[in-house]
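Architecture at a glance
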4 protein chains.
Amino acid sequence: MKFASDNWAGVPPRIAEALMAHSGGQASAYGTSDLDRKIEATFNEIFECEVGVFFVGTGTAANSLALAACGKAGGVALCHDEAHVAEDEGGAPEFLSSGNRLRRMPGKLGKIDPEGLEPAFEKFRLRGVHHGRPVAVTISQATEIGTVYSVEEIAAIAEISHGEGLPVHMDGARFANALVTLGVTPAEMTWKAGVDIVSFGGTKNGCWCAEALLCFKPELVEDFAYLRKRTGHLFSKSRFIAAQFDAYFRDGLWLELARHANAMAQELAGVVENSANSRLAWPVQANQVYAVMNRDRAAAMLEAGAAFHEWPRPAAHRDVTGKGEGLYRLVTNFSTESAEIEAFAALLNR
Amino acid sequence: MKFASDNWAGVPPRIAEALMAHSGGQASAYGTSDLDRKIEATFNEIFECEVGVFFVGTGTAANSLALAACGKAGGVALCHDEAHVAEDEGGAPEFLSSGNRLRRMPGKLGKIDPEGLEPAFEKFRLRGVHHGRPVAVTISQATEIGTVYSVEEIAAIAEISHGEGLPVHMDGARFANALVTLGVTPAEMTWKAGVDIVSFGGTKNGCWCAEALLCFKPELVEDFAYLRKRTGHLFSKSRFIAAQFDAYFRDGLWLELARHANAMAQELAGVVENSANSRLAWPVQANQVYAVMNRDRAAAMLEAGAAFHEWPRPAAHRDVTGKGEGLYRLVTNFSTESAEIEAFAALLNR
Amino acid sequence: MKFASDNWAGVPPRIAEALMAHSGGQASAYGTSDLDRKIEATFNEIFECEVGVFFVGTGTAANSLALAACGKAGGVALCHDEAHVAEDEGGAPEFLSSGNRLRRMPGKLGKIDPEGLEPAFEKFRLRGVHHGRPVAVTISQATEIGTVYSVEEIAAIAEISHGEGLPVHMDGARFANALVTLGVTPAEMTWKAGVDIVSFGGTKNGCWCAEALLCFKPELVEDFAYLRKRTGHLFSKSRFIAAQFDAYFRDGLWLELARHANAMAQELAGVVENSANSRLAWPVQANQVYAVMNRDRAAAMLEAGAAFHEWPRPAAHRDVTGKGEGLYRLVTNFSTESAEIEAFAALLNR
Amino acid sequence: MKFASDNWAGVPPRIAEALMAHSGGQASAYGTSDLDRKIEATFNEIFECEVGVFFVGTGTAANSLALAACGKAGGVALCHDEAHVAEDEGGAPEFLSSGNRLRRMPGKLGKIDPEGLEPAFEKFRLRGVHHGRPVAVTISQATEIGTVYSVEEIAAIAEISHGEGLPVHMDGARFANALVTLGVTPAEMTWKAGVDIVSFGGTKNGCWCAEALLCFKPELVEDFAYLRKRTGHLFSKSRFIAAQFDAYFRDGLWLELARHANAMAQELAGVVENSANSRLAWPVQANQVYAVMNRDRAAAMLEAGAAFHEWPRPAAHRDVTGKGEGLYRLVTNFSTESAEIEAFAALLNR
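Okay, so let's go over this structure. Note that this is a predicted model, so its numbers are computed, not measured.

Let us now look at the overall build of chain A. When helices and strands are counted, chain A shows 14 helices and eleven strands. Computed over its C-alpha atoms, the radius of gyration of chain A comes to 21 Å, within 12% of the 20 Å expected for a compact globule of 350 residues. Seen through its C-alpha atoms, chain A measures out along the principal axes to roughly 60 × 60 × 30 Å. Counting across all 350 residues of chain A, residues that qualify as buried make up 65%.

Here's what the structure looks like:
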């Protein structure tokens, strides 16, 4: 019954074995080994184009360095009001971009409303140097609250952003989960829809520590090697990241892992929906389930060994019913088993 | 014949196996798992005191965050003229400390000369806010050129630094190599000699990616959790670092690996010293051999498959003999075999 | 009819004469002259306590350095949603504080609602290092939209902030205008109400370039001399700022200038209120008048030589009436004359 | 006998009167007034080309923002070992450029030796991302120790720098003093010799606070407006800087002031040279005199009311004679009078 986070999981055997297999011998360091090169080529194949690939170790590093690569003096990146970059990365996007600002944009279900972008851009035009200048639009796929942008929604945001001369960044910490939900190709979900730079996450979907900054616009990554080094994010034995991705992509493992996590989330969503003691806060589209539950019940379940987090929301939303309800996040992962969900259901409906 | 760097090596079987062993189940993230806690306790035992332990993924991160933790507005950290922080970390120490400066100090054999510190401090006192203020003294053990500070040398630097109210940081990327050379305890080489904060490196001595920031002064680490997070260096599945250290320390593996690397360096030093085509640039005290070799010979050896780097030195030192000589760095590691050294010797003396 | 901004004005004769009077002789530089010392003592008298005084040249520098002095790694300063620091300082508060973030708080009439602070603090407590940590609450007096906090309102915010261990900063770019509105003493409007650090502005009220960072908590200003120097804000001939303040405070000139500006704003407010072509957007409490006017009329007035700015507002507020109305800001200053207001009225009512 | 610094002086009557003359009326703010525009045109005339002009308030701001405009991730600016940017600006060049580093280059008499540049560049090429990348070469004219580069020396440095694709910055805090020494035009001393960006100082030569960032390469200043704003260096009543420059340039006042200061320095140099109690440390080429004097004598003179500073030098240089000598800096300015020098001579030779 551990639904606290997908990063509580470890790694599946095939990834652990890959690390074992690649542990011997010597290989040139700092991202220059044959294995690094091979995996970069794999990314090209998967994305059906030539893509700049830079390995880093954390999603926060990937997102922050992506925004830093887009950054300028007085720069402002536009993100959703509940975006991970704005809420949960400890100020890294600002710090690693030398003080660029995040501007929070409104939008339902965790997704930026394209219609909200234009007034924001107008303000930049009106106020000039005092208000700063926009440098990027960043979206999360899947979003922080487990919803998924459609390809059309991504394209609509990208069109407006490109109209302002701005690159579009995608925080893909749960890239695979969104991809299998949409049933499209990686290319369709990214550069074909107008995305310019992607934080491609492997960690939440089964790697120990494997993230890749992918860039479809070469001019954005000119500085990237230096940005990564000066923040301490260039790994000497970089091949250990490459080795994880080697196993991750082989025989479609990554899609298999994501499909399993998503299927478990649907199973869990069914439990939440069909219980008299809970309901879904909004639709489940990837591997996160947001449930409104009675607070006492939730406390009892945690006491009984379930693991999940209460989700902070604006005060007004905290308990709309006046019935002592709270909002909780439940996350499934590649290793979640049906038995855990059944045990959770039993506790919920006791 | 791969002597390019100790970070060209992979990991020994016992570390790969530990990652395999710890890959299952779920564990709380971001450094809060039981395994993280256990390894922190192991550090306390090894250092015979209560020590603040923070895992990071690269040596550059460890050093830069250590100096950032000591940093202040207008701050200047004093390091040796050839220190890794000043020469090879791409500006990370400055960037992650929000613009603190490194001041290069002279000293023979890669080691800060304690007598050079006082005039530097005097200048800070004379010039006040304009010149900035010293915030730390940082030394490398083993040094960037493979030499090792004696415990007395460390203590002499620490005494002067503490007299100025400054903490002493040790870049221990090759901590184990220095330790087995000196034959002292970790405590004797650090806090007992006056060192306040250590970048404890595991990567160059056999881990994939395992470094620990160790702090003996609690007040220096108050901000550390936030410093690490805002630079993207907090790993979600932090237990994969803990797992590496678990194997690293078990049954003294770390010391065994370092002893082997150092012994191989001595063997290689013997080859260099006894050849008519080369000589040692200075004594070998850890796992790095600096050799003066004929440039044509060196080129031929590289051509024949040997791997090592020419070492940039001030122009004046480049070819003191006028005989077409260059300075080269040769690094051994935990997996270096005598056969490699023999093959190297054969090429050198051909 | 120049109501574009109070910083379009020059300086009154008494300040120009002071600069003339102090222009001869030599005086020690970088804030150490006798005149600097004398003005610092004047601040102590005016604020009835020992106050740390640091001269800087711009309001943006004063605000940003104040927040930098409060800053920490992962730090977040809470400000009103429309605050100058967040809207109009080009990212300086983030940049000069090494990437600290501004969190926008809601509140009517440009003032932070104390009730909104607690939920924000709760979120910091829940999310720990990921969400960052609050480091200061900053308010503007008078606010960006020309309203004025009562002493009680300030005290309420300060009480909550201090309860969280946070200092309160006041952006006093229009300190004098607010002070004469409230009719209280400088001490009552600041430290007696719980304010810890003030950006005391002279420029908008008749100086060329004279701002002072005032600090009532010595521990907050320990680093200030270094923060100011490393951002290039320490003036060599600092006495030229001191000379301006010398005249500014002599015989209560500063209060006289502010009273005049505020009186002119009331006169202008009467014009706006009594015209069929305009209305006040909200009450006028200092020297700024926010008027809702017909867009065509406003354009004609600008054409005819009036100077004022349209004010960007959320899209929804832009034209509530559907009558083609816009929101405009009109600012009076120490040199505004009734004749200008009469000319403005004639145009408005033509 | 006040020879402590040229920034101990105030302003000459013609500059004070200009501030008086421009103090009335209203003018658009933030560098957009007619007077700002007019002075920008004056700079074009003086430099015989179209030049980007940005006013700031301090020399540290001008230098640091110039280097920030040239900055990149991992960037390193090369300066002389004794440069003001490296010794006396409190870390501002590093901080305002988001952590770029200064690399100190050797050279006699305070001037970079062009021959020393090539080995530095070679090291950058050899070590790649780890060592960072050069982004600018910065020289001071006149230098920190009062010497002056010849036009040929400037051109030699610029040629090498441009060969590496690097812009050349000139710290012209004492631009006028060097210019009248060389007897060339502003164009000849800057862009015609290959200088790309200049910190043009007015403050040390008679302004209260007037510095201009001048740029001859438009692409370098694209970001400058944002760089200046986000560091708090954009003045609202910018015309007060323009007004100072208006008087400064009128009828060649600036050259007249510099010629006077330099002439006084020569007079003072004669005194030092002809006394049995002192000697010149090196030739006097602008308005600074470096004198080697007996320490006891110097102390007595300071006691008697003279003002000057001991100059910190490497320990080895501190007292070459063993006679108890020290190195002292004496600076003349636009208001220095012969009577002061005579009084100084009397004390020195008493």
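Here we take up the environment of Val198(C). Residue and element names in this part refer to chain C. Position of valine 198 among the secondary structure elements: in strand β6 (residues 197–201). A residue is classified by how much of its surface remains accessible, and valine 198, at 0% relative accessible area, is buried. Distance from valine 198 to methionine 20, taken between C-alpha atoms, is 29 Å for residues 178 residues apart in sequence. Sequence-distant contacts of valine 198, defined by excluding residues within four places in its chain, comprise His169, Met170, Phe175, Thr190, Ala212, Leu213, Leu214 and Phe216.

Summed over all chains, the structure comprises 102 aromatic pairs over all chains. Centroid distance Tyr248(D) to Trp254(D): 6.1 Å. Interplanar angle 45°. Geometry classified as tilted. We note that Tyr248(D), like Trp254(D), is buried. Three or more aromatic residues link up through ring pairs in this structure, and these residues are Phe43(A), Phe47(A), Phe55(A), Phe175(A), Phe200(A), Phe216(A), Phe245(A), Tyr248(A), Phe249(A) and Trp254(A).

Take the environment of Ala212(D) next. Residues and elements named next belong to chain D. With respect to the secondary-structure elements, alanine 212 resides in strand β7 (residues 211–215). Separated by 200 residues in sequence, alanine 212 and proline 12 have C-alpha atoms that sit 19 Å apart. For alanine 212, the residues in contact, after removing those within four places along its chain, are Phe43, Val53, Phe54, Phe55, Val198, Ser199, Phe200 and Phe245.

This part takes up the relation of the copies chain B and chain A. Here the two chain copies are tied together by a rotation about an axis and a shift along that axis. When chain B is brought onto chain A, the operation consists of a screw motion whose angular component is 180° and whose axial shift is 0.0 Å, with 0.0 Å RMSD remaining. Both copies of the chain, as the preceding transformation shows, are related through a two-fold rotation axis. Rotation axis and chain B: the residue whose C-alpha lies nearest the axis is Thr231(B), separated from it by 3.5 Å.

Here we come to the relation of the copies chain C and chain D. For the match of chain C to chain D, the screw axis carries a shift of 0.0 Å, the RMSD comes to 0.0 Å, and the turn is 180°. Residue by residue, 100% of the interface of chain C is reproduced at the interface of chain D, so both copies engage with the same surface.

Across the boundary between the two partners, chain C contributes 51 residues, which contact 51 residues of chain D. With both sides pooled, the region where chain C packs onto chain D buries about 4,200 Å², and carbon together with sulfur makes up 60% of that total. Sorting the residues of chain C by area buried against chain D places Gln26(C), Trp208(C) and Lys237(C) first, and these three jointly supply 21% of that buried surface. Linking chain C to chain D there are zero salt bridges.

Definitions and limits used
Residues numbered from 1 in each chain as written. Chains lettered and ligands numbered in written order. Predicted model: local features only at pLDDT ≥ 70, side-chain atom pairs only at ≥ 80, totals over all residues. Heavy atoms only, no water. Helix = DSSP H or I, 4+ residues; strand = E, 2+ residues; numbered from the N terminus. Rg over C-alpha atoms; globule rule 2.2 N^0.38 Å. Buried < 20%, exposed > 50% of the residue type's maximum accessible area, 1.4 Å probe, protein only. Contact = heavy atoms within 4.5 Å. Phe/Tyr/Trp six-rings, centres within 6.5 Å; stacked < 30°, edge-to-face > 60°. Least-squares fit on C-alpha atoms with pLDDT ≥ 70 in both. Buried area = accessible area lost by both parts, 1.4 Å probe. Salt bridge = Lys/Arg side-chain N within 4 Å of Asp/Glu carboxyl O.

Note that all results are geometric; they support no functional claim without further evidence.
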